[in-house]
Amino acid sequence: MPIRRLRAAIVGGGIGGLSAANALVRRGVDVTVFEQADALGEVGAGVFIYPNALRQMERMGLGEALSQVGAKVGTGSEYYRMDGTVVGRILTTDSSGWNGLYGMHRADLLRILAEALPPAAIRTGHRCSGFEQNAVGAKLVFANGRTVEADIVVAADGIQSSLQKYVVEPSVPEYSGSRAYRGLIASEKLPGWRKEAHQVWMGDGKHFMVFPVRSGRLLNYVGFVPTRNETIESWSAIGDRDELAASFAGWDTRVVGLLEKVESCFWWGLYDREPLASWTKGRLVLLGDAAHAMLPHVGQGANQAIEDGVALAVFLEGRDSAEVPDALRRYEAFRRKRTDIVQAEARQNGLRYDSRYENLEQRDREIANAAVFRKWLYDYDVERAAIADSIESRTSQLA
Ligand SMILES: Cc1cc2nc3c(=O)[nH]c(=O)nc-3n(C[C@H](O)[C@H](O)[C@H](O)COP(=O)(O)OP(=O)(O)OC[C@H]3O[C@@H](n4cnc5c(N)ncnc54)[C@H](O)[C@@H]3O)c2cc1C
């Protein structure tokens, strides 16, 4: 048994950082989260929580809170061509038939993750501006002049991670050529809309999707539209609702009808990265978008970040400070077998959704077959798999 509890400093209070904090606390690690903003916050948009992440969050004791504000997503979930003809069903259960799938308002999810932590565990107004480490510990420097020492530093500081450069050669994220317009609309404005459905319309280099959030009171919509002149500064900005509506003119009347009711929206440039050469250096480890930024086309960026945190906690449990670098390397080797695949599939699914196939019948066959990949995603139990991997690697180390 270790002589004292490990101390983890997590940089970034987004979904990745806060879920890792919950997972680490559950396995006996002392955690402090440092967030640059003066208050925790997320954009007014939706995020899917799929069975692979929900089963872990339920084990963290968050199931009840999530069920209060999540919107069940199930019946009527379908893929369509741009004219509204059906291409196939969207799988909304794991192989056991469990419909563990919520559409969440991002702010609700972040609040639930934050409220489950000890109040002193989150420090806002702390922008990390420096990092150093030696054989016995790591030190963080913040723009407000404070410094902190820890056994482990978790960089959960997003796709533009400032800590990533201490692990790998700096590189810029890759622009996908597409932007996402998104926003929320009151469900009561669209009587007759399928309450539980995740619906995706595909065609003409674009796609449009809708799913419910906040117990079904709001609908989250996202329109993915190609653009040429992206600027790196434009990660998130107020969108033009007329421009959005014009992009989908002539599509299925359900899409056009919804867009007529939109009053305002935001847009995001969509970026990802090729898998990084490494996620760890000594006591520093990358997690979430900082480690494996991916396009949103399988809705897994946050779900994979949640899996990361659970795995990290398993690999660190029962370790002493001197063993941290080894535990982090094992975490990385374990996790990237999965995230490399999800990153690549997110790109491919973007091509399918945007109908960028020479042969659309082939695209339709792949979409109709999407349940195979979704089962692989949903059925996975990262905690169980990480425990098995950790026992196996420790046993082979002792042999
Ligand atoms: C249109 C769209 C739709 C999506 N839909 C889904 C979905 O349905 N399901 C899904 O799983 N994923 C989805 N994603 C992806 C998902 O949003 C991200 O993968 C996820 O939010 C990443 O979480 P993170 O905590 O790693 O990073 P972030 O959310 O970027 O959080 C990073 C945090 O670190 C803080 N920070 C940054 N630098 C510093 C610093 N120097 N010091 C201190 N703090 C710092 C930031 O302020 C921020 O709070 C979608 C993405 C997009 C663009």
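Here the structure is a predicted model, which means the values were calculated and not measured.

Q: Where do I start with the side chain of Ser187 in this structure?
A: Its location among the elements puts Ser187 in the loop between strand S13 (174-186) and strand S14 (199-203). In terms of polar contacts, Ser187 uses its side chain to reach the backbone carbonyl oxygen of Gly216, at 2.6 Å. In terms of polar contacts, Ser187 uses its side chain to reach the backbone amide nitrogen of Leu218, at 3.4 Å. Sequence-distant contacts of Ser187, defined by excluding residues within four places in its chain, comprise Gly216, Arg217, Leu218 and Leu219.

Q: I would appreciate a short explanation of the packing of aromatic side chains in the present structure.
A: Two aromatic rings, taken as a pair, are described by how far apart their centres are and by the angle between their planes. Counted under the stated rule, the structure contains 17 aromatic pairs. With a centroid separation of 6.0 Å and 45 degrees between ring planes, the pair formed by Tyr79 and Tyr353 is classed as tilted. Residue Tyr79 is found in strand S5 (residues 78-81), and its partner Tyr353 is found in helix H9 (residues 324-353); the two are separated by 274 residues along the sequence. By relative accessible area, Tyr353 is classed as buried at 2%. Measuring from ring centre to ring centre gives 6.4 Å for Phe266 and Trp268, while their planes differ by 55 degrees; the resulting arrangement is tilted.

Q: Would you explain helix H1 (residues 15-26) in this entry?
A: Side chains three or four residues apart in an α-helix point the same way, a direct result of the helix having 3.6 residues per turn. If you check H1, its first and last C-alpha atoms are 17 Å apart, about what 12 residues at 1.5 Å a residue would give, namely 16 Å. Judged by how many residues are buried, H1 sits mostly within the fold: 10 of 12 residues are covered. Among the residues making up H1, those that are buried are Ile15, Gly16, Gly17, Leu18, Ser19, Ala20, Ala21, Asn22, Ala23 and Leu24. Residues of H1 that are buried in the fold lie against strand S1 (7-11), strand S2 (30-34), helix H4 (106-115), strand S8 (122-123) and helix H8 (301-316).

Q: Just checking my understanding: could you explain helix H2 (residues 51-59) for this structure?
A: Counting buried positions over the 9 residues of H2 gives 7, a clear majority of the element. Every buried residue belonging to H2 is among Pro51, Asn52, Ala53, Leu54, Arg55, Gln56 and Met57, and all of these are buried. Immediately beyond the C-terminal end of H2, within one or two residues, lies Gly61, with a positive phi of roughly 90 degrees.

Reading guide: rules and limits
Residues numbered from 1 in each chain as written. Predicted model: local features only at pLDDT ≥ 70, side-chain atom pairs only at ≥ 80, totals over all residues. Heavy atoms only, no water. Helix = DSSP H or I, 4+ residues; strand = E, 2+ residues; numbered from the N terminus. Polar contact = N/O pair within 3.5 Å; in protein donor to acceptor, adjacent residues only side chain to side chain. Contact = heavy atoms within 4.5 Å. Phe/Tyr/Trp six-rings, centres within 6.5 Å; stacked < 30°, edge-to-face > 60°. Buried < 20%, exposed > 50% of the residue type's maximum accessible area, 1.4 Å probe, protein only. Expected span 1.5 Å × (residues − 1).

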